[in-house]
Amino acid sequence: ASELAEFFVSHKPERLRANLSTNPVNGTFGAYKFCAHINLLDRTTGNILNRDPLADIPQPSTLSAAADSHYVNRFYIVNILDMTTLTTRDVCNKAFSDNTVTLANTERYMVTVGVTWKRLGTNDLQREVVSAVIPQS
């Protein structure tokens, strides 16, 4: 999780937004949305929501998201954080390509990256979550 968070921190806000304004798997799907879980594995169906190859973790060839509950999944969420109040702005369901969403002087993009997995031999779902604030350009 931390290496993907570090990758995002290396972005300028404009680059992060530009990258998330187009779905890399299928451009006809449109832009990702704020607050959406990107690359999240639905363990009941095996479907990955808002797939993003950037977040994929290489798996042993014997595992598949649809067939194995031990599949390791990395996902992320992007919010807008007000640095003075430490609260997130409600822009959920607005697309990154929506030019009406702009950052105020006190706001920054906050990326939360998570990894979920099940330990072999158990049904215990494990999770690690890391958040990072994208510095202003």
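Note that the coordinates shown come from a computational prediction; the quantities given were computed from them, not determined experimentally. (Residues numbered from 1 in each chain as written. Predicted model: local features only at pLDDT ≥ 70, side-chain atom pairs only at ≥ 80, totals over all residues. Heavy atoms only, no water.)

A. Broad picture of helix H1 (residues 2-9). Every buried residue of H1 is listed here: Leu 4, Ala 5 and Phe 8. Along the axis of H1, the buried residues cluster in a sector spanning 100 degrees; they form a single face. On its buried side, H1 packs onto helix H2 (13-20), strand S3 (73-82), strand S5 (107-118) and strand S6 (125-133). (Buried < 20%, exposed > 50% of the residue type's maximum accessible area, 1.4 Å probe, protein only. Helix = DSSP H or I, 4+ residues; strand = E, 2+ residues; numbered from the N terminus. Arc of directions from axis to C-beta. Contact = heavy atoms within 4.5 Å.)

B. Up close: the sheet that holds S6. Across the sheet, four strands lie side by side as S4-S3-S5-S6; this open sheet has antiparallel pairing. A strand with exactly one partner marks an edge of an open sheet, and here the two such strands are strand S4 (87-88) and S6. Sheet topology places S3 next to S4; two bridges connect them, and they run antiparallel. What sits directly across from Asp 82, in S4, is Thr 87. Taken strand by strand, H1 contacts S3, S5 and S6, and its axis lies near 20 degrees from that of S6. Its contacts with the sheet put H2 on S3 and S5, and the angle it makes with S5 is roughly 55 degrees. (Pairing = 2+ DSSP bridges. Axes fitted to C-alpha atoms, helices over the stretch in contact; angles between N-to-C directions.)

C. Layout of unusual backbone geometry. For Asn 39, which is not a glycine, the phi torsion comes out positive at approximately 70 degrees. Within the fold, Asn 39 resides in the loop between H2 and strand S1 (40-42). Residue classification places Asn 39 among the buried residues on the basis of a relative accessible area of 1%. The backbone of Asn 93 shows a phi angle near 75 degrees, a positive value even though the residue is not glycine.

D. Local environment of the environment of Thr 122. Structurally, Thr 122 is set in the loop between S5 and S6. With relative accessibility at 25%, the residue Thr 122 sits in the partly exposed group. Residues Thr 122 and His 70, 52 residues apart in the sequence, show an inter-C-alpha distance of 9.2 Å.

E. Broad picture of the pattern of salt bridges. Throughout the structure, instances matching the rule amount to three salt bridges. Among the ionic pairs, Arg 89 bridges to Glu 107, the shortest N-O distance being 2.7 Å. Of this pair, Arg 89 sits in the loop between S4 and S5 while Glu 107 sits in strand S5; the two residues are 18 residues apart in sequence, bridging distant segments of the chain. Judged by relative accessible area, which is 8%, Glu 107 ranks as buried. (Salt bridge = Lys/Arg side-chain N within 4 Å of Asp/Glu carboxyl O.)

F. Structural view of the side chain of Asp 82. As for its placement among the helices and strands, Asp 82 is situated in strand S3. Lacking a salt bridge, the buried Asp 82 has Arg 89 as its closest oppositely charged neighbour, with an N-O distance of 7.4 Å. A polar atom in the side chain of Asp 82 sits 3.2 Å from the backbone nitrogen of Thr 85. A polar contact is formed between the side chain of Asp 82 and the side chain of Thr 106, at a distance of 3.4 Å. Ignoring sequence-local partners within four residues, the contact set of Asp 82 consists of Thr 87, Thr 106 and Glu 107. (Lys, Arg positive; Asp, Glu negative; His and termini not counted. Polar contact = N/O pair within 3.5 Å; in protein donor to acceptor, adjacent residues only side chain to side chain.)

G. Fine view of the environment of Cys 35. Here Cys 35 shows up in the loop between H2 and S1. Spatially, the C-alpha atom of Cys 35 lies 9.7 Å from that of Thr 112, the residues being 77 residues apart in sequence. Not counting the four nearest positions on each side in its chain, Cys 35 is found in contact with Ile 77, Val 78, Asn 79 and Cys 92.

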